[in-house]
Amino acid sequence: MTDVFKLLKADHDRHRKLLAALDDMRGDSPERRELFEAFRIEVSAHANAEEQSLYAVMLGKPDLQKEGRHSVAEHKEIDDFLEELQEADMATPEWDATFRKMKHRYEHHIDEEEEDIFPAAEDALSRACEHEIGEVFAKRKVAEKAEIGAES
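Residues numbered from 1 in each chain as written. Predicted model: local features only at pLDDT ≥ 70, side-chain atom pairs only at ≥ 80, totals over all residues. Heavy atoms only, no water.

**Describing the overall build of the chain**
The number of helices and strands found in the chain is five helices and zero strands. Going from N to C terminus, the chain has its helices and strands arranged as α-α-α-α-α. Expressed as lengths along the three principal axes of its C-alpha atoms, the size of the chain is roughly 50 × 25 × 20 Å. Across the 152 residues that make up the chain, the buried fraction comes to 42%. Within the chain, counting contacts between residues at least 6 apart in sequence, those at least 24 apart form 80% of the total. Total accessible area computed for the chain in this model is approximately 7900 Å², and 52% of it derives from carbon and sulfur atoms. The chain carries 22 positive and 39 negative side-chain charges, and their two centres are separated by 2 Å. (Helix = DSSP H or I, 4+ residues; strand = E, 2+ residues; numbered from the N terminus. Buried < 20%, exposed > 50% of the residue type's maximum accessible area, 1.4 Å probe, protein only. Contact = heavy atoms within 4.5 Å. Areas by Shrake-Rupley, 256 points an atom, 1.4 Å probe, with all protein chains shown as cover. Lys, Arg positive; Asp, Glu negative; His and termini not counted. Charge placed at Lys NZ, Arg CZ, Asp CG, Glu CD.)

Set out below in structure tokens:
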């Protein structure tokens, strides 16, 4: 059985480490490009799989819809930042400034999920439902990573 909240939190912890490593780098380098691309694929796959599993269920439950909509909107905001960063010149101070804004917004988002959204969902969902969502999330994330990676 798969605990969706443990999977999501483990991803968030990996994302925090990737963000910190990227934030420690400056300028344009193959290492920074590779790390940013790994982060972009990982976060995009995570968000898509999360929307297709946890948030799909939450949006179907009136008492969880508001939280679900809020998180999906924040995913779109992060996706827009990632697209902007992907198209910008990594060697510029503007890239660094945009990256820091995205990092701040993403860290706020995952903190909010862990502190508010996940506990609300855990209270409202059965353990069986949580495990089913975890299975869907795990399968979808693998598929999303392959798809997003192939588009790059």
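**Some points on the environment of Glu115**
Topologically, Glu115 is positioned in helix 4 (residues 93-124). Taking the C-alpha atoms as reference, Glu115 lies 32 Å from Arg26; in sequence the two are 89 residues apart.

**Examining a negative patch on the surface**
Residues Asp79, Glu83, Glu84 and Glu87 make up a contiguous surface patch of negative charge. Among the secondary structure elements, Asp79 is positioned in helix 3 (residues 65-87). (Patch = residues over 30% accessible without salt bridge, like charges linked within 9 Å, V, L, I, M, F, W, Y side chains within 5 Å. Salt bridge = Lys/Arg side-chain N within 4 Å of Asp/Glu carboxyl O.)

**What to know about the environment of Arg100**
Take Arg100: it is sitting in helix 4. Taking C-alpha positions, Arg100 is 22 Å from His70, a pair spaced 30 residues apart along the chain.

**What to know about the confidence of the model for the chain**
Residues at a pLDDT of 70 or more form 99% of the chain, whose mean pLDDT is 95. Mean pLDDT values for the elements of the chain range from 91 in helix 5 (residues 127-151) up to 97 in helix 1 (residues 4-24). (pLDDT = per-residue confidence, 0-100.)

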